[in-house]
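Notes for the structure review
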Amino acid sequence: MVVSPSFFEKFGNVISVSGDTNSNDVFDKIFNKSNINIETHFDVFQGIVTGNNSVFIFDEPEQWKNSNIENELLHIVLHGRDFGKWIIKNTNRRIIYLGSKADINKYPETKKYFLPHKITLSKRRECKNGAIFWYSLQWARDKSLLDIIPKIIIQNTRNERLKPRIVATVDEIGVYGSQGMNFVVPKTNEYSVYFLIGIINSKLIDYLFSTKFLNLAIKADYIKQLSFPKPSNYFINELETLSKSILNFKKSGKDTTVLEGQIDNMVYKLYELTYEEVKVIDPDFPLGEQEYEAIKV
């Protein structure tokens, strides 16, 4: 197949070439220039890089409960494996959050804890170049953004062969996260995380990351390239309702297959995919062509 140079430019020159004409038409709709880019309304960034997880992160409750660390510095922290699609599974871990401007002398118990690790922590690159204090997190991220709820969290490391490729949920309790995950945080009131999580967790976006953004990491830079057509108020309300229902049902272990299928169908229609294009993404798509065309968005 012969393609023009612009084919690569629209994907940031970072993705693979795969698929047929139908799949390329799908990608054109996902990245249509008239779409609304996710960065217009959301901040997207990778989780905290500590520079030494064993010092900054406690994996078990007994560890942080017995540490005497000042409580205001301890925050729930997740690794990518601590949550699944639509659900948070483990909230036992804690991170000591000390940003680049923190004063360790204000926290005597924490200082006492850190002192035995001073030599090791001082060898980190950001300490050597003077960007952070020896006791600070290597890349702490913006605490004001981490504290926002609700927000979307997405697994960062995900083998290309694993299904689904995109694993995301909504944080409603205020978690921090390690470098093994990404955050999507609202910065306007135009679109909610309950609207966006439906798009991100859809089969359409999963197909994109399964065929184009082929990398072990679900990079924040890839997520920033996502965009969506302007939705109707009806669509927004329906998608938010479905997403909230799935999140609540997952907490009680209920099956959400039907609701997730409804979201997939709505997202296909939002991007104006033809029936043939939907069948490329989902060969087992259960609806007939007339049923699909009848879906209202």
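Residues numbered from 1 in each chain as written. Predicted model: local features only at pLDDT ≥ 70, side-chain atom pairs only at ≥ 80, totals over all residues. Heavy atoms only, no water.

Some remarks on the environment of Thr169
If you trace the backbone, Thr169 turns up in strand E9 (residues 168–171). Residues Thr169 and Val193, spaced 24 residues apart in sequence, show a C-alpha to C-alpha distance of 9.5 Å. Those residues in contact with Thr169 that lie beyond four places of it in its chain are Phe83, Gly84, Trp86, Ile87, Ile88, Lys151, Ile152, Ile153, Ile197 and Leu247. (Helix = DSSP H or I, 4+ residues; strand = E, 2+ residues; numbered from the N terminus. Contact = heavy atoms within 4.5 Å.)

Description of the nonpolar core
The biggest cluster of nonpolar side chains holds 56 residues, and the ones touching the most others in it are Ile152, Phe209 and Tyr271. The greatest single-element share of this core, amounting to seven residues, is contributed by helix H9 (residues 193–200). In this structure, Val55, Val77, Phe83 and Tyr107 belong to the second largest nonpolar core, which totals 36 residues. (Core = buried A, V, L, I, M, F, W, Y, C linked by side-chain atoms within 4.5 Å. Buried < 20%, exposed > 50% of the residue type's maximum accessible area, 1.4 Å probe, protein only.)

A short note on the sheet that holds strand E4 (residues 74–78)
On the basis of which strands lie adjacent, the open sheet formed by four strands has the order E3-E7-E4-E10 and mixed pairing. The two strands at the open ends of the sheet, each matched to only one other strand, are strand E3 (57–58) and strand E10 (176–177). Taken together, the two bridges between E4 and E10 define a ladder with parallel strand orientation. Across the sheet, the residue bridging to Leu78 is Gly177, located in E10. (Pairing = 2+ DSSP bridges.)

Digging into the pattern of salt bridges
By the definition in use, this model includes 14 salt bridges. Where Glu172 meets Lys251, a salt bridge forms, and the shortest distance between an N and an O atom there is 2.9 Å. With Glu172 in the loop between E9 and E10 and Lys251 in helix H12 (residues 233–251), the pair connects residues that are 79 residues apart, well separated along the chain. The partly exposed category is assigned to Glu172, whose relative accessible area is 32%. According to the relative accessible area criterion, Lys251 is exposed, its value standing at 57%. Residues Glu293 and Lys269 are paired through a salt bridge, measuring 3.9 Å at the closest nitrogen-oxygen approach. With Glu293 in helix H15 (residues 289–293) and Lys269 in helix H13 (residues 257–270), the pair connects residues that are 24 residues apart, well separated along the chain. Judged by its relative accessible area of 14%, Lys269 falls in the buried class. Each of Asp59, Asp82 and Arg93 takes part in a single network of salt bridges with overlapping partners. (Salt bridge = Lys/Arg side-chain N within 4 Å of Asp/Glu carboxyl O.)

A word on H13
Here H13 contains 14 residues, and its C-alpha end-to-end distance of 20 Å stays within 8% of the 20 Å for a straight helix at 1.5 Å per residue. Burial within H13 is extensive, with ten of its 14 residues counted as buried. Looking at the buried side of H13, the elements it contacts are H9, helix H10 (203–211), H12, helix H14 (275–281) and H15. In the segment just after H13, Glu272 is the residue with positive phi, at about 60°. (Expected span 1.5 Å × (residues − 1).)

Structural notes on the packing of aromatic side chains
Applying the stated criterion across every chain yields a total of 20 aromatic pairs. On the basis of an interplanar angle of 85° and a centroid distance of 6.4 Å, the ring pair of Phe114 and Trp134 is categorised as edge-to-face. Of the two residues, Phe114 sits in helix H5 (residues 108–114) while Trp134 sits in the loop between helix H7 (125–128) and helix H8 (143–146), which places them 20 residues apart along the sequence. The same class applies to Phe114 as to Trp134, namely buried. Between Tyr275 and Tyr292 the ring centres are 6.2 Å apart and the planes differ by 50°, which places this aromatic pair in the tilted class. With Tyr275 in helix H14 and Tyr292 in helix H15, this pair connects stretches of sequence that are 17 residues apart. With respect to burial, Tyr275 and Tyr292 carry one shared label: buried. (Phe/Tyr/Trp six-rings, centres within 6.5 Å; stacked < 30°, edge-to-face > 60°.)

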